[in-house]
Amino acid sequence: MSRSRAMLGVLWVAIATTGCRVGASGSGVDPSTPVAEAYGKASDFAGEWVGESNGVLGALAVKSLSKADTVGPRRYYGKFVGDDGATSFVINMQQPLVTVGELGIAGNLARFTWQDGRGGQGDGWVLINPEDSALTGEIRVGNGGRALDFVRVDDG
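Residues numbered from 1 in each chain as written. Predicted model: local features only at pLDDT ≥ 70, side-chain atom pairs only at ≥ 80, totals over all residues. Heavy atoms only, no water.

(A) The arrangement of the packing of aromatic side chains in detail. Applying the stated criterion to the full structure yields four aromatic pairs. Note on Phe-45 and Tyr-76: the rings are 5.8 Å apart at their centroids and 75 degrees apart in plane angle, and the pair reads as edge-to-face. Highlighted residues: Phe-45 in the loop between helix H1 (2-26) and strand E1 (47-53) and Tyr-76 in strand E3 (residues 74-82), separated in sequence by 31 residues. The residues Phe-45 and Tyr-76 share a single accessibility class, namely buried. (Phe/Tyr/Trp six-rings, centres within 6.5 Å; stacked < 30°, edge-to-face > 60°. Helix = DSSP H or I, 4+ residues; strand = E, 2+ residues; numbered from the N terminus. Buried < 20%, exposed > 50% of the residue type's maximum accessible area, 1.4 Å probe, protein only.)

(B) Structural view of the pairing of E3. Of the two faces of E3, the one lined by Arg-74, Tyr-76, Gly-78, Phe-80 and Gly-82 is fully buried and the one lined by Arg-75, Tyr-77, Lys-79 and Val-81 carries no buried residue. Sheet topology note: the strand E2 (residues 56-64)/E3 ladder contains seven bridges and is antiparallel. Considered in E3, the bridge of Ala-61 is made with Lys-79. Examined bridge by bridge, E3 and strand E4 (residues 88-95) share eight bridges and lie antiparallel to one another. Note on E4: the bridge partner recorded for Lys-79 is Val-90. Between E3 and E4, which pair antiparallel and follow one another directly, the connecting turn spans five residues, one of which, Gly-85, has a positive phi of 80 degrees. (Pairing = 2+ DSSP bridges.)

(C) A look at the environment of Gly-145. The topology assignment puts Gly-145 in strand E10 (residues 144-152). Sequence separation between Gly-145 and Asp-123 is 22 residues; the distance between their C-alpha atoms is 9.2 Å. With residues near it in sequence (within four places) discarded, Gly-145 still touches Glu-138, Ile-139 and Arg-140. (Contact = heavy atoms within 4.5 Å.)

(D) Region of interest: the nonpolar core. The biggest cluster of nonpolar side chains holds 20 residues, and the ones touching the most others in it are Phe-45, Leu-60, Met-93 and Leu-135. When contributions to this core are tallied by element, the ones reaching two or more residues are E2, E3, E4, strand E7 (109-115), strand E8 (121-128), strand E9 (134-141) and E10. Aside from chain neighbours lying at most four places away, what touches Met-93 is Phe-45, Val-62, Arg-74, Arg-75, Tyr-76, Ala-110, Arg-111, Phe-112 and Val-126. By size, the runner-up hydrophobic cluster in this structure holds six residues, among which are Ala-36, Val-98, Ile-105 and Leu-127. (Core = buried A, V, L, I, M, F, W, Y, C linked by side-chain atoms within 4.5 Å.)

What follows is the structure, encoded as structure tokens:
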């Protein structure tokens, strides 16, 4: 009888664990997106960047939509223009806060959605380094993701 109860207990744990996984994936949490970290100061994505998005070289201009003294998550607008003359899209970035002690600080991660005005759209994420001088991430096009890498060309 105790062996049956033990097996029933194992089965119950397996069902509960599977249910938790299904709930997590259905909640919009993407397991491929890295976890945000906080540096000594709030990360700032606003600026002029050059690099590569989805295999296309080009420039990315990012403007802050949040006031300088904003307390809370930050938002940004960006526009990528490819050197190929054919690739162009806009992005809407959201930068969540990371809790440090009792304070929230703008972390090094921004999630974004993009669209090109011709029916192309997707999402992605980007991380900024501690010096606010380089971005690396992933831009998703359809079911696949491609690299997104930029370096800052302004004083930031």
